[in-house]
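Spelled out from the first residue to the last, the chains are:
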Amino acid sequence: MSHTRLARISLILAAIGLNAAPAMLGMSPVYAAEAAKPAEPPKDAVRPEIYKLIDPAQTKDLLANKNYTEFKTRIDTAAAMPNVTPYEDFILNQMRVQLGQASGDHQATVKALAAMIDSGRLKPEDKLRFIDAVGGIYYSNIKDYDQAIAWFTRYGTESGDTLKQRQFIVRSYFFKDDFATAKAEALKDVAAAKKSGATPPKDELNLLGNVGIKTKDTELYLQAVEELTRYYPSEDYWFDLLNRTRGKKTYAPRLDLDIARLKALAAPSKMEPEDYAEIAELAVLGGFFTEAKIAMDKGYPGAIPNDKNKAALQKIRDSANKGAADDAKNIDKGIDSAMKSKDGVGLVNLGYNYVTLGQADKGIDLMKQGIAKGVSKNPEDAKLRLAYALAIAGKKDESLKLLETISGTDGRGDLARYWVMYQNPPKAAPAEAK
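Residues numbered from 1 in each chain as written. Predicted model: local features only at pLDDT ≥ 70, side-chain atom pairs only at ≥ 80, totals over all residues. Heavy atoms only, no water.

### Considering helix α17 (residues 289–299)
- Those residues of α17 that fall on the buried side of the exposure criterion are Thr290, Glu291, Ala292, Ala295, Met296 and Gly299.
- Elements in contact with the buried residues of α17: α15 (256–266), α16 (273–286), α18 (310–330) and α20 (345–356). (Buried < 20%, exposed > 50% of the residue type's maximum accessible area, 1.4 Å probe, protein only. Helix = DSSP H or I, 4+ residues; strand = E, 2+ residues; numbered from the N terminus. Contact = heavy atoms within 4.5 Å.)

Set out below in structure tokens:
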């Protein structure tokens with residue numbers, strides 16, 4: 001919680017005048033006839049015998065000197081007097097709140113505040129602020145989350161504002177280990193926000209991720225990270241999202257290069273030399289030698305380090321360099337044979353090579369021809385690669401339109417969504433909840 005509830009209570013007390021001295025019942029003449037009548041309880045005034053116990057001129061110093069025992073004794077003595085009026089009880093509870101704040105007795109504070117709330121003597125707006133404060137003490141200080149839920153819910157019911165403390169209600173379920181309810185409530189809030197066009201609260205998305213961790217629900221965790229990446233994009237979120245997508249049970253390893261490509265674009269500062277080596281190795285295997293050379297040059301701009309992986313890395317670099325040099329000279333020679341092939345995959349791959357060589361328009365045209373001819377194996381993969389070739393070439397609208405048609409449960413559908421997210425980041429970073 002980002003604010004101190006007890007500090008707020010002190011301010012509330014001062015703002016509504018509850019720290020002021022209570023009114024003392026005046027000493028007016030009493031005639032004999034009237035003396036015989038039963039005394040009526042005084043209204044909104046404190047009798048002298050009680051006032052002398054709680055006189056602020058004396059009790060203020062007791063609190064200042066941390067003489068809490070004497071302060072409490074005076075309250076208890078006054079409360080034990082016969083026929084304590086509702087107003088006197090209200091004033092004594094005010095003092096119990098002051099004592100609870102000063103001494104750190106949070107249970108005593110909420111008990112006294114609850115009595116003040118239910119006394120009927122607070123203005124409606126002050127009553128709401130006290131209800132809110134009680135919920136905050138239970139949440140932050142006492143950590144009684146059942147009570148926190150009850151008081152925050154009461155605040156929403158009586159104020160009509162069910163959103164103000166909603167996040168703390170959901171968090172309370174999490175902190176009391178009711179993960180099922182925390183998950184259900186958070187998902188409900190996220191769905192409502194998205195339906196209304198609002199940004200889901202970052203706190204609740206983080207909470208969903210934490211529920212996923214606590215319950216070992218990897219799908220829920222990944223869902224939370226995806227939403228965080230969509231609405232609060234950062235390189236950390238992108239890196240985590242893409243790495244964990246590869247860990248899904250239904251994920252197909254043939255998409256490893258596609259994942260790595262997006263990772264290099266969305267989270268460049270998180271990339272290590274070995275990440276670029278992976279791109280290069282996979283690109284060499286796919287015949288994308290220029291892409292492999294670019295990756296190796298980024299990961300290892302100098303000599304390959306002298307370690308156990310040096311030979312393997314050098315082999316990748318040599319293959320990438322040789323293949324890239326050959327492509328630069330002879331790539332056009334591959335067009336005729338690709339055109340003659342019954343399967344369009346050759347045109348798709350050749351076209352992507354042109355894109356990596358900086359000839360995006362020519363490459364995209366070849367990729368489109370290959371897809372139109374027909375790709376026998378995983379044709380949707382070819383559409384996915386065309387979509388991010390379009391994205392790389394700055395043809396956003398066409399890329400997004402194509403991505404909307406791509407599906408698949410093996411990681412391809414995930415990648416399609418991720419490329420949409422990458423091309424459509426929030427216009428401005430949403431403000432985080434305080």
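Read on for the rest.
### A closer look at the packing of aromatic side chains
- Counted under the stated rule, the structure contains 14 aromatic pairs.
- Where Tyr388 meets Trp419, the ring centres are 5.2 Å apart and the plane angle is 20 degrees; that geometry is what we call stacked. Taken together, the residues span a long stretch of sequence, with Tyr388 in helix α22 (residues 379–392) and Trp419 in helix α24 (residues 412–423) at a distance of 31 residues.
- A relative accessible area of 1% places Tyr388 in the buried class.
- On the accessibility criterion, Trp419 (2% relative accessible area) is buried.
- Taken together, Tyr139, Tyr145, Phe152, Phe168, Phe174, Phe175 and Phe179 form an aromatic cluster joined through their ring pairs.
- Lying over the aromatic face of Phe288, Arg261 brings its terminal NZ or CZ to 5.1 Å of the ring centre. (Phe/Tyr/Trp six-rings, centres within 6.5 Å; stacked < 30°, edge-to-face > 60°. Lys NZ or Arg CZ within 6 Å of the ring centre and 35° of its normal.)

### Digging into the confidence of the model for the chain
- This prediction gives the chain a mean pLDDT of 90; 88% of its residues lie at or above 70.
- Confidence over residues 1–7 falls short of pLDDT 50; this stretch has 19 contacts with residues more than four positions distant or in other chains. (pLDDT = per-residue confidence, 0-100.)

### Description of unusual backbone geometry
- The phi angle at Asn83 is positive, at roughly 55 degrees, despite the residue not being glycine.
- With respect to the helices and strands, Asn83 occurs in the loop between α5 (68–79) and α6 (86–103).
- The exposure class assigned to Asn83 is exposed, which follows from its relative accessible area of 66%.
- Despite not being glycine, Lys216 has its phi angle at roughly 55 degrees, a positive value.
- Mapped onto the secondary structure, Lys216 falls in the loop between α12 (202–214) and α13 (218–231).

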